[in-house]
Amino acid sequence: MLNFEFKNPTKIIFGKGQIAKIATEIPKNAKVLMLYGGGSIKSNGIYEQVKTALKDFEVIEFGGIPANPEYAILMDALKIIKEENITYMLAVGGGSVIDGTKFLSSAALYEGSEPWDILKNAIPTKKGLPFGTVLTLPATGSEMNSGSVITRAETQEKLAMGGPGLFPEFSILDPEVVQSIPQRQLANGITDAFTHVLEQYMTYPIGAALQDRFAESIMQTLIEVAPRITANPSDYEAAANFMWSCTMALNGLIQKGVPTDWAVHAIGHELTAQYGIDHARTLAVIAPSHYRYNFASKREKLAQYGKRVWGITEGDTDAIAKAAIVKTEDFFHSLEIDTKLSDYTKDYEGTAQKIAARFTERGWLGLGEHKTLAPADVEKIVEMSY
Ligand code: NZQ
Ligand code: ZN
């Protein structure tokens, strides 16, 4: 096991009817900016619950943060934060609203002239404007981590940022919010969380037995609840397990003491930036090719995953490892998630070269757990995903 430090300061308040507790978590004299997305919270009752809980606070609202939170829109919110002297933010939404709020948390205290530099130059945020979240869509884990991914349509970029100052102070996880989530987003959430585990697991054995089993148990739980939650999003027990699995998949715990990959996400973000494909779907496109291309260095973990998560017993290590990749694709297909780029766009020629050129330009010359995946390798992986 590798050396590690672990600190996660986010307070989780989990369960039915817990949204009312916002009132006791936000400091009494706070001037609050409540941020949300395109309006789903207004039709599923979450908006009313939050407004009721905030009745004794001074609150300004900022709605309209789109999926793949857009820099230009967030800059409008930043203006409000500064003009109104906002002291606290409350994100009510999925990964996009929470990530947008994290960007604002950082940008509000940033002293440079161009907040995009936080992303472009990967400046870590040590201190941000404090915020809490009400999670409405289990998927990203953003409710309990310090990462954020922001999109800039103008330049077709999608870049990540983070730092110890960007953990939410608290997050309310009420599984009842799952009831109103459309099938497409349920499938996305399961696929995203599943791939988060893969990114932190599908590397090489390092003798971290507990982390491996944490990871495997999250994947097994997601596989188990997937058909239940898609058949009936009002199944509270399935929703609770789905929600907690997504949070646990990316709150930092399972990555401690182990090598991590994250190449699938780095490449996937480019597909969202170029084609607007849902984040989770880009992962399902890239992951199988990535594992096939890097088969030699990942075969031991692929086989362990095949045996323990999918119960594959037939064949030698290579056969089990290969079958495990097919099982992963089948799982995505069972969620009606397509796994080829050509399923999403007919305009894919040249994508691989374009992504490789961008990575070269940014100096991303060695991705993956061994930091050896060069832009030329990325190009081949993307071509295999056409
Ligand atoms: O905008 P509204 O109207 O609220 O609708 C949203 C949105 O259209 C809808 N939705 C959310 N909760 C709902 C609901 N509809 C009905 N009922 C509810 N309870 O779902 C749609 C998608 O929402 P979004 O927040 O975009 O989805 P998700 O949570 O999957 O977030 C994706 C974003 O997170 C980033 C992705 O790159 C992407 O930009 N990620 C963030 C990570 C992190 N911070 O750690 C890690 C991830 O790997 C990922 O990169
Ligand atoms: Zn993801």
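Conventions and cut-offs
- Every chain is numbered on its own, with residues counted from 1 as its sequence reads.
- Each chain takes a letter, starting from A, and each ligand takes a number, starting from 1, following the order in which they are written.
- Residues qualify for local features only when their pLDDT is at least 70, as the model is predicted, and side-chain atom pairs are given and counted only at 80 or more; totals for whole chains, interfaces and linings, by contrast, use all residues.
- UniProt positions are given in the numbering used here, feature names are shortened, and annotations may be inferred rather than shown by experiment.
- Each helix is a run of H or I in the DSSP string that is no shorter than four residues. Each strand is a run of E no shorter than two, and both are numbered from the N terminus.
- Structural elements are reduced to axes, namely lines fitted to C-alpha atoms, with helices fitted over the stretch in contact, and the angle between N-to-C directions of any two is expressed from 0 to 180 degrees.
- Note on terminology: angles under 35 degrees are roughly parallel, angles over 145 are roughly antiparallel, angles of 65 to 115 are roughly perpendicular, and the others are oblique.
- Should the near helix be turned anticlockwise from the far one by less than a right angle, the crossing is termed left-handed; should it be turned clockwise, right-handed.
- What counts as a contact is two residues whose backbone-derived C-beta atoms lie within 7 Å of each other.
- For this classification, the nonpolar set comprises Ala, Val, Leu, Ile, Met, Phe, Trp, Tyr, Cys and Pro, the charged set comprises Asp, Glu, Lys and Arg, and every other residue, Gly included, is treated as polar.
- In this scheme every C-beta is placed from the backbone, and a residue whose C-beta has 20 or more other C-beta atoms within 10 Å is buried, one with 12 or fewer is exposed, and one in between is partly exposed.
- By definition, a nonpolar core groups buried Ala, Val, Leu, Ile, Met, Phe, Trp, Tyr and Cys residues that are joined through C-beta atoms within 7 Å.
- Boundaries between domains were set according to an automatic or database domain assignment.

So what about the UniProt feature "domain: Alcohol dehydrogenase iron-type/glycerol dehydrogenase GldA" (unreviewed entry) in the chain? Which residues, and what values?
Per the UniProt record, the feature "domain: Alcohol dehydrogenase iron-type/glycerol dehydrogenase GldA" (unreviewed entry) sits at residues 9-175. Secondary structure across residues 9-175 divides into 29% helix and 25% strand, with the first and last C-alpha atoms of the span separated by 22 Å.

Give me the UniProt feature "domain: Fe-containing alcohol dehydrogenase-like C-terminal" (unreviewed entry) in the chain: which residues, what numbers.
The UniProt record marks residues 188-383 with the feature "domain: Fe-containing alcohol dehydrogenase-like C-terminal" (unreviewed entry), using the residue numbering of this structure. The span residues 188-383 is 67% helical and 0% strand by assignment, and the distance between its end C-alpha atoms comes to 23 Å.

Which residues make up the packing of helix H10 (residues 263-275) against helix H11 (residues 279-293), and what values do they have?
At a closest axis distance of 8 Å, the pairing of H10 and H11 adopts a crossing angle of 130°. Between H10 and H11, the interaxial angle falls into the category oblique. As H10 runs across H11, the sense of the crossing is right-handed. When H10 is examined against H11, the residues Ala263, Val264, His265, Ile267, Gly268, Leu271 and Thr272 are found in contact with a partner set consisting of His279, Thr282, Leu283, Val285, Ile286, Ala287 and His290. For the contact of H10 with H11, the per-class residue count stands at 8 nonpolar, 6 polar and no charged.

I'd like to hear about the environment of proline 182, residue by residue, with values.
Along the polypeptide, proline 182 turns up in the loop between strand S8 (170-173) and helix H7 (183-201). Residue proline 182 is classed as exposed on the basis of its C-beta count, with 11 C-beta atoms lying within 10 Å. Spatially, the C-alpha atoms of proline 182 and proline 233 are 8.8 Å apart, while their sequence positions differ by 51 residues.

Quick rundown of the nonpolar core? Include the residues and the values.
Leu35, Leu90, Val92 and Val197 are the most contacted members of the largest nonpolar core, which totals 109 residues. Summarising the domain contributions, this core has at least three residues from each of domain 1 (11-176) and domain 2 (183-384). For valine 92, the residues in contact, after removing those within four places along its chain, are Met34, Leu35, Tyr36, Ile41, Ile46, Val50, Val97, Val134 and Thr136.

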